[in-house]
Amino acid sequence: MVVPIAAPRGSFGEAAYHEFYRDDFEPRAHYRPLWEHIRRAGQSLLSEKRREAHYALQTDGVTFTVYGNEDEGIERVWPLDLLPRIIPAAEWAPIEAGLKQRVRALNAFLRDLYGSQRVIRDGVVPAELVYRGKDFKREIHGIEPPLGIYVHIAGIDLVRDEQGRYLVLEDNARTPSGVSYMIENRIVVRRTLPEFFSRYRVRRVEHYPALLLQALRELSPRGKQDAVVVLLTPGIYNSAYFEHTFLAREMGIELAEGRDLVTQDDVVYLKTTHGLRRVDVVYRRIDDDYLDPLCFKPDSALGVAGIVNAWRAGNVAIVNAPGTGIADDKAVYPYVPDLIRYYLGETPILANVPTYRMTMPDERAYVLDHLDQVVVKAVSESGGYGMLMGPSSTPAIRAEFAQRIQSNPRGYIAQPVVPLSRALCHIDGELEARHVDLRPFVIHGAEIHVVPGGLTRVALTKGSLVVNSSQGGGSKDTWVLGADVEDVDDAQRAAGERSGSA
């Protein structure tokens, strides 16, 4: 059944939910202490603090890489807006429960898909959709990963609709990135604006590397006590290399390239100056196709020959497991609520953004007739690439995408334009609203942990809905409160009264 597209109400800014203000333009309760402090301090102080934060990020080498503009170079200082995004405790609880539910279902789907494939026999997900997915890896069928977990680390993108409901926009289950920037945002904001923290009880995110290391060690085939863990990176030219070095340093593990590892008799070893050292867990930041030239791309110089056979033999854990890409395939995404019901017998806590499947003739026809009102996404692209923003597109671009969809329906999905929620930002000395999304991070070891917060991404260009840093987006620190702000204010007042009476 085709879901009709609601007509836009005015501009995206008018329709979008505002994180900071209520409908009467009064700050929401959890932003009031922050707003009062800004009013007292003045915006000139914010401008000074903004320069201080930029200098701190530059000095600490917090950068990201953009390709395709050689005239300006490829390294950029990480863009951070100082005003935090604040999420009350009561608002966070269903988000956390929904993320855990979703990751459990995705893992159940992958175990089934690379095992008995009951989900296909029962018609929950079309067989053709799976088998034609470029990230479905037949080579690993029948391999049982440690603890039965495929997706150990997930970054699940959330947006808010006009009513403020959190919706899942995208699942990132292969090599999700951004967690280092989440932590650096917190470090810089805490250092630059310590007075903000005195008014709130903000839950920590800095413990993410410790949680991740614990989960990685739990996967070791030789036991977690003496587990040797390495982070496998493609090298310095990868856009996420800063994150690779950051996480390896914070976890106290070796950062290795493919040439630093070798397999012998289905065991993985790290080359060291003292000889070979056995490796138990490989946290890989390399795509499947380049992971093992004996199994996938034979000309890959980035991976480790024989690592998949070592994994098959149970002598090493690979994180995330090969083959997880089919779980975050955008063409599979519309079926995730069905997977939750099928595997868990539960109602989905977090809903998807309504999605049109181009493999369904009636839905495809509807989208082709309304290309000026939808967002079209290529299922194999990420980072904001391969996307049509219908309302801002030209007839020529829409005609090109129509041809692409008709020639390869499996390669595209479409969604109504969701006017991402807006948050207050400090830009060029002024307070202005910009559209945001949220990428929380989930770690699945013996237990599932959701880091309280995530990477809030900001569309810094006025009116834009594109939040990706590669497309000019920025970020905010995300504060999840350990108690609702009214409770914090009451506690502070009570403490002041006790101090006065003493």
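Details of the structure are given in the entry above.
Please read these numbers as outputs of a predicted model, since none were measured by experiment.

Scanning the protein chain from N- to C-terminus turns up 15 helices and 23 strands. Taken over C-alpha atoms, the radius of gyration comes to 23 Å for the protein chain, in line with the 23 Å a tight globule of 502 residues would show. Within the protein chain, buried positions represent 55% of all 502 residues. In the protein chain, 59 positive and 67 negative side-chain charges are present, and the distance between their average locations comes to 2 Å.

This part covers the pattern of salt bridges. In this structure the tally under the stated criterion is 30 salt bridges. Measuring nitrogen to oxygen at the nearest pair gives 2.7 Å for the salt bridge that ties R434 to E432. Since its relative accessible area comes to 6%, R434 is described here as buried. Using a relative accessible area of 24% as the deciding quantity, one classes E432 as partly exposed. Measuring nitrogen to oxygen at the nearest pair gives 2.8 Å for the salt bridge that ties D437 to R457.

What follows deals with the side chain of T355. Looking at where T355 falls in the secondary structure, it is placed in the loop between β13 (351–352) and β14 (356–357). In terms of polar contacts, T355 uses its side chain to reach the backbone carbonyl oxygen of V353, at 2.7 Å. Side chain to side chain, T355 and Q415 meet in a polar contact 3.2 Å long.

Extensive coverage of strand β18 (residues 422–427) is indicated by the burial of 6 of its 6 residues. Alternating positions in β18 separate into two faces, R422, L424 and H426 on one and A423, C425 and I427 on the other, with burial throughout. Relative to strand β19 (residues 430–439), β18 is paired through 6 bridges, and the arrangement is antiparallel. Residue pairing in the sheet places H426 in a bridge with L431 of β19. If you look at the hairpin formed by β18 and β19, you'll find 2 residues sitting between the two strands, and D428 has a positive phi there, around 50°.

The next thing to look at is unusual backbone geometry. For the bond running from V319 to N320, omega is -20°, close enough to zero to count as cis. For N320, the location among the structural elements is in the loop between β12 (317–319) and α12 (336–344). Here L147, not a glycine, exhibits a phi torsion of approximately 60°, which is positive. Residue placement: L147 occurs in the loop between α6 (127–131) and β4 (153–160). For D266, which is not glycine, the phi dihedral falls at a positive 60°. Among the secondary structure elements, D266 is positioned in the loop between β8 (261–264) and β9 (267–272). The exposure class of D266 is partly exposed, given its relative accessible area of 34%.

This part takes up the environment of R138. Tracing the chain through its elements places R138 in the loop between α6 and β4. Classification of R138 as exposed rests on a relative accessible area of 52%. Measuring from C-alpha to C-alpha, the distance between R138 and R357 comes to 24 Å, with 219 residues separating the pair along the chain. For R138, the side chain forms a polar contact with the main-chain oxygen of Y131, separated by 3.0 Å.

Basis of the calculations
- Residues numbered from 1 in each chain as written.
- Predicted model: local features only at pLDDT ≥ 70, side-chain atom pairs only at ≥ 80, totals over all residues.
- Heavy atoms only, no water.
- Helix = DSSP H or I, 4+ residues; strand = E, 2+ residues; numbered from the N terminus.
- Rg over C-alpha atoms; globule rule 2.2 N^0.38 Å.
- Buried < 20%, exposed > 50% of the residue type's maximum accessible area, 1.4 Å probe, protein only.
- Lys, Arg positive; Asp, Glu negative; His and termini not counted.
- Charge placed at Lys NZ, Arg CZ, Asp CG, Glu CD.
- Salt bridge = Lys/Arg side-chain N within 4 Å of Asp/Glu carboxyl O.
- Polar contact = N/O pair within 3.5 Å; in protein donor to acceptor, adjacent residues only side chain to side chain.
- Pairing = 2+ DSSP bridges.

Honestly, that's just the spatial picture; any functional story needs more than this.
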